[in-house]
Amino acid sequence: MKKEKKKSKLKIILIAVAVIVILSVIFGEDEEDKSNSKATSKPTAEATTEAQKNGDIEVTDFTTTPNFTAEPNSSAMVDQIAITAKNHADDMTNEQANAIIANIRKSNPAFFASRDDMEKYMWYGYLLDYKYDDNDPRSELGTDLCQAIKYVYRGAEDLTDDSVSANLDQISDDLDAIE
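Residues numbered from 1 in each chain as written. Predicted model: local features only at pLDDT ≥ 70, side-chain atom pairs only at ≥ 80, totals over all residues. Heavy atoms only, no water.

Let's shift gears to the confidence of the model for the protein. Across the protein, the average pLDDT comes to 79, with 66% of residues at 70 or higher. When the criterion is pLDDT under 50, residues 29–48 qualifies, and its contacts beyond four places in sequence or with other chains add up to 18 contacts. (pLDDT = per-residue confidence, 0-100. Contact = heavy atoms within 4.5 Å.)

Following this line, the structure appears as C-alpha coordinates:
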(Lines give C-alpha, C1' and ligand atoms only; values in the text may rest on other atoms or scores of the structure.)
Protein backbone atom coordinates (compact mmCIF):
# COMPACT_ATOMS: atom_id res chain seq x y z
CA MET A 1 0.00 0.00 0.00
CA LYS A 2 2.79 2.42 0.94
CA LYS A 3 4.67 1.61 -2.28
CA GLU A 4 1.51 2.25 -4.35
CA LYS A 5 1.15 5.70 -2.78
CA LYS A 6 4.83 6.36 -3.44
CA LYS A 7 4.47 5.34 -7.10
CA SER A 8 1.30 7.40 -7.47
CA LYS A 9 3.01 10.44 -5.98
CA LEU A 10 6.01 9.84 -8.25
CA LYS A 11 3.79 9.70 -11.34
CA ILE A 12 2.05 12.96 -10.37
CA ILE A 13 5.41 14.68 -9.89
CA LEU A 14 6.68 13.33 -13.22
CA ILE A 15 3.59 14.58 -15.01
CA ALA A 16 3.99 18.00 -13.39
CA VAL A 17 7.65 18.18 -14.41
CA ALA A 18 6.76 17.08 -17.95
CA VAL A 19 4.13 19.83 -18.18
CA ILE A 20 6.67 22.41 -16.95
CA VAL A 21 9.24 21.27 -19.50
CA ILE A 22 6.69 21.31 -22.31
CA LEU A 23 5.42 24.76 -21.32
CA SER A 24 8.95 26.12 -21.11
CA VAL A 25 9.59 24.86 -24.64
CA ILE A 26 6.33 26.32 -25.95
CA PHE A 27 6.56 29.65 -24.14
CA GLY A 28 10.36 29.85 -23.95
CA GLU A 29 12.61 32.45 -25.50
CA ASP A 30 11.72 33.77 -28.92
CA GLU A 31 14.29 33.55 -31.70
CA GLU A 32 15.69 37.04 -31.04
CA ASP A 33 16.24 36.22 -27.36
CA LYS A 34 17.93 32.96 -28.32
CA SER A 35 20.34 34.66 -30.72
CA ASN A 36 21.21 37.28 -28.10
CA SER A 37 21.75 34.68 -25.37
CA LYS A 38 24.07 32.57 -27.51
CA ALA A 39 26.83 35.10 -27.06
CA THR A 40 26.83 34.54 -23.31
CA SER A 41 25.94 30.83 -23.26
CA LYS A 42 28.31 27.89 -23.14
CA PRO A 43 30.61 27.50 -26.13
CA THR A 44 29.66 25.04 -28.84
CA ALA A 45 31.42 21.77 -29.57
CA GLU A 46 33.63 23.52 -32.15
CA ALA A 47 35.14 25.64 -29.37
CA THR A 48 35.79 22.65 -27.14
CA THR A 49 39.49 21.97 -26.75
CA GLU A 50 41.01 18.51 -26.81
CA ALA A 51 41.83 18.84 -23.10
CA GLN A 52 38.19 19.56 -22.29
CA LYS A 53 37.04 16.57 -24.35
CA ASN A 54 39.33 14.47 -22.18
CA GLY A 55 37.68 15.74 -19.00
CA ASP A 56 40.35 18.28 -18.13
CA ILE A 57 37.84 20.83 -16.93
CA GLU A 58 38.47 22.76 -13.75
CA VAL A 59 36.50 21.47 -10.79
CA THR A 60 36.55 23.71 -7.72
CA ASP A 61 33.43 22.52 -5.92
CA PHE A 62 31.83 19.14 -6.48
CA THR A 63 28.37 20.42 -5.51
CA THR A 64 28.52 22.97 -8.35
CA THR A 65 28.33 21.89 -11.98
CA PRO A 66 31.57 22.71 -13.85
CA ASN A 67 31.48 24.83 -16.97
CA PHE A 68 31.08 22.06 -19.52
CA THR A 69 31.70 23.10 -23.11
CA ALA A 70 30.27 20.38 -25.33
CA GLU A 71 27.12 20.96 -27.36
CA PRO A 72 24.12 20.90 -24.99
CA ASN A 73 21.71 17.96 -25.20
CA SER A 74 24.27 15.86 -27.09
CA SER A 75 26.05 12.58 -26.51
CA ALA A 76 29.27 14.60 -26.47
CA MET A 77 28.00 16.54 -23.45
CA VAL A 78 27.01 13.35 -21.62
CA ASP A 79 30.47 11.93 -22.39
CA GLN A 80 32.20 15.11 -21.22
CA ILE A 81 30.28 15.07 -17.93
CA ALA A 82 31.11 11.39 -17.41
CA ILE A 83 34.81 11.72 -18.26
CA THR A 84 35.22 14.81 -16.08
CA ALA A 85 33.53 13.07 -13.16
CA LYS A 86 35.71 9.99 -13.63
CA ASN A 87 38.85 12.14 -13.61
CA HIS A 88 37.86 13.97 -10.40
CA ALA A 89 35.74 11.52 -8.37
CA ASP A 90 38.64 10.33 -6.22
CA ASP A 91 39.22 13.94 -5.08
CA MET A 92 35.68 14.24 -3.75
CA THR A 93 35.35 13.82 0.02
CA ASN A 94 32.66 11.77 1.75
CA GLU A 95 31.27 15.03 3.16
CA GLN A 96 30.89 16.43 -0.36
CA ALA A 97 29.26 13.17 -1.46
CA ASN A 98 26.85 13.41 1.47
CA ALA A 99 25.95 16.98 0.43
CA ILE A 100 25.29 15.74 -3.12
CA ILE A 101 23.12 12.89 -1.84
CA ALA A 102 21.18 15.33 0.35
CA ASN A 103 20.56 17.50 -2.72
CA ILE A 104 19.42 14.48 -4.74
CA ARG A 105 17.12 13.40 -1.91
CA LYS A 106 15.63 16.91 -1.67
CA SER A 107 15.04 17.15 -5.43
CA ASN A 108 13.87 13.59 -6.06
CA PRO A 109 12.33 13.10 -8.64
CA ALA A 110 12.38 16.62 -10.12
CA PHE A 111 15.66 16.20 -11.99
CA PHE A 112 14.27 17.25 -15.37
CA ALA A 113 13.12 20.83 -14.78
CA SER A 114 15.75 22.34 -17.08
CA ARG A 115 18.79 21.47 -19.15
CA ASP A 116 21.03 22.82 -16.38
CA ASP A 117 19.28 20.63 -13.79
CA MET A 118 19.72 17.54 -15.92
CA GLU A 119 23.43 18.33 -16.40
CA LYS A 120 23.83 18.92 -12.65
CA TYR A 121 22.21 15.64 -11.67
CA MET A 122 24.12 13.68 -14.31
CA TRP A 123 27.29 15.26 -12.87
CA TYR A 124 26.26 14.16 -9.39
CA GLY A 125 25.36 10.69 -10.62
CA TYR A 126 28.63 10.09 -12.42
CA LEU A 127 30.61 11.40 -9.43
CA LEU A 128 28.87 8.96 -7.08
CA ASP A 129 29.16 6.09 -9.53
CA TYR A 130 32.91 6.58 -10.02
CA LYS A 131 33.68 7.43 -6.38
CA TYR A 132 32.25 4.29 -4.82
CA ASP A 133 32.47 0.54 -5.48
CA ASP A 134 29.70 -0.97 -7.59
CA ASN A 135 28.13 -2.79 -4.63
CA ASP A 136 27.84 0.45 -2.62
CA PRO A 137 24.31 1.94 -2.73
CA ARG A 138 25.84 5.37 -3.40
CA SER A 139 27.33 4.02 -6.64
CA GLU A 140 24.01 2.41 -7.52
CA LEU A 141 22.28 5.75 -6.90
CA GLY A 142 24.72 7.42 -9.28
CA THR A 143 24.19 4.81 -11.98
CA ASP A 144 20.40 4.95 -11.71
CA LEU A 145 20.41 8.75 -11.72
CA CYS A 146 22.45 8.88 -14.92
CA GLN A 147 20.32 6.20 -16.57
CA ALA A 148 17.12 8.07 -15.71
CA ILE A 149 18.38 11.40 -17.05
CA LYS A 150 20.76 10.92 -19.97
CA TYR A 151 18.26 9.61 -22.53
CA VAL A 152 15.71 12.30 -21.65
CA TYR A 153 18.49 14.90 -21.82
CA ARG A 154 19.43 13.81 -25.35
CA GLY A 155 15.79 13.57 -26.44
CA ALA A 156 15.85 9.80 -26.98
CA GLU A 157 13.22 9.22 -24.26
CA ASP A 158 10.67 11.29 -22.43
CA LEU A 159 9.37 11.37 -18.89
CA THR A 160 6.51 9.00 -19.68
CA ASP A 161 8.77 6.13 -20.83
CA ASP A 162 8.72 3.02 -18.65
CA SER A 163 12.51 2.94 -18.36
CA VAL A 164 12.58 6.46 -16.90
CA SER A 165 9.90 5.53 -14.38
CA ALA A 166 11.73 2.33 -13.47
CA ASN A 167 14.98 4.22 -12.91
CA LEU A 168 13.20 6.79 -10.76
CA ASP A 169 11.79 3.94 -8.65
CA GLN A 170 15.32 2.55 -8.31
CA ILE A 171 16.60 5.99 -7.25
CA SER A 172 14.03 6.04 -4.44
CA ASP A 173 15.09 2.53 -3.40
CA ASP A 174 18.77 3.56 -3.51
CA LEU A 175 18.06 6.58 -1.31
CA ASP A 176 16.23 4.33 1.16
CA ALA A 177 19.24 1.98 1.22
CA ILE A 178 21.61 4.89 1.95
CA GLU A 179 19.62 6.10 4.97
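Here we take up the nonpolar core. The biggest cluster of nonpolar side chains holds 38 residues, and the ones touching the most others in it are Ile104, Phe111, Phe112, Trp123, Leu128 and Ile149. At the level of elements, helix 4 (75–88), helix 5 (94–107), helix 6 (115–131), helix 7 (137–153) and helix 8 (162–178) are the ones that each hand at least two residues to this core. Tallying contributions element by element places helix 6 first for this core, with eight residues. With residues up to four places along the chain from it excluded, the contact list for Ile149 reads Phe111, Phe112, Met118, Tyr121 and Met122. (Core = buried A, V, L, I, M, F, W, Y, C linked by side-chain atoms within 4.5 Å. Buried < 20%, exposed > 50% of the residue type's maximum accessible area, 1.4 Å probe, protein only. Helix = DSSP H or I, 4+ residues; strand = E, 2+ residues; numbered from the N terminus.)

For the rest of this paragraph, the subject is the packing of helix 6 against helix 7. The interhelical angle for the contact between helix 6 and helix 7, taken along N-to-C directions, is 150°, at an axis separation of 7 Å. Regarding the angle of helix 6 to helix 7, the classification is roughly antiparallel. Considering the relative orientation of helix 6 and helix 7, their crossing is left-handed. Seen from helix 6, the contacting residues are Arg115, Met118, Glu119, Tyr121, Met122, Tyr124, Gly125, Tyr126, Leu128 and Asp129; seen from helix 7, they are Arg138, Ser139, Leu141, Gly142, Thr143, Leu145, Cys146, Ile149, Lys150, Val152 and Tyr153. Considered class by class, the residues forming the contact of helix 6 with helix 7 number twelve nonpolar, four polar and five charged. (Axes fitted to C-alpha atoms, helices over the stretch in contact; angles between N-to-C directions. Parallel < 35°, antiparallel > 145°, perpendicular 65-115°, else oblique. Left-handed = near helix turned anticlockwise from the far one by under 90°. Nonpolar A, V, L, I, M, F, W, Y, C, P; charged D, E, K, R; others polar.)

The contact between helix 5 and helix 6 brings their axes to 11 Å, and the two run at 135°. For the element pair helix 5 / helix 6, the angle class is oblique. Handedness of the crossing formed by helix 5 with helix 6: left-handed. Contacts between helix 5 and helix 6 involve Asn94, Ala97, Ile100, Ile101, Asn103, Ile104 and Ser107 on the former and, on the latter, Lys120, Tyr121, Tyr124, Leu127, Leu128 and Lys131. Here the contact of helix 5 with helix 6 is built from residues that sort into eight nonpolar, three polar and two charged.

End to end, helix 7 covers 24 Å across 17 residues, agreeing with the expected 24 Å (1.5 Å per residue, within 8%). Within helix 7, burial applies to Ser139, Leu141, Gly142, Asp144, Leu145, Cys146, Ala148, Ile149, Lys150, Val152 and Tyr153. Elements in contact with the buried residues of helix 7: helix 4, helix 5, helix 6 and helix 8. Positioned one or two residues after helix 7, Gly155 has a phi angle of 85°, which is positive. (Expected span 1.5 Å × (residues − 1).)

This paragraph deals with the packing of aromatic side chains. All told, the structure shown has five aromatic pairs when counted by the stated rule. With 5.6 Å between their ring centres and 90° between their planes, Tyr121 and Tyr124 make a pair best called edge-to-face. Separated by three residues within a single helix, Tyr121 and Tyr124 lie in helix 6, roughly one turn from each other. Like Tyr121, the residue Tyr124 is buried in the burial classification. With a centroid separation of 6.2 Å and an interplanar angle of 15°, the aromatic rings of Tyr126 and Tyr130 are classed as stacked. With a gap of four residues between them, Tyr126 and Tyr130 both fall in helix 6, about one helical turn apart. For Tyr126, a relative accessible area of 9% puts it in the buried group. By the ring-pair criterion, three or more aromatic residues cluster together here, those being Phe111, Phe112, Tyr121 and Tyr124. The ring of Tyr132 is capped by Arg138, whose NZ or CZ atom sits 3.7 Å from the centre of that ring. (Phe/Tyr/Trp six-rings, centres within 6.5 Å; stacked < 30°, edge-to-face > 60°. Lys NZ or Arg CZ within 6 Å of the ring centre and 35° of its normal.)

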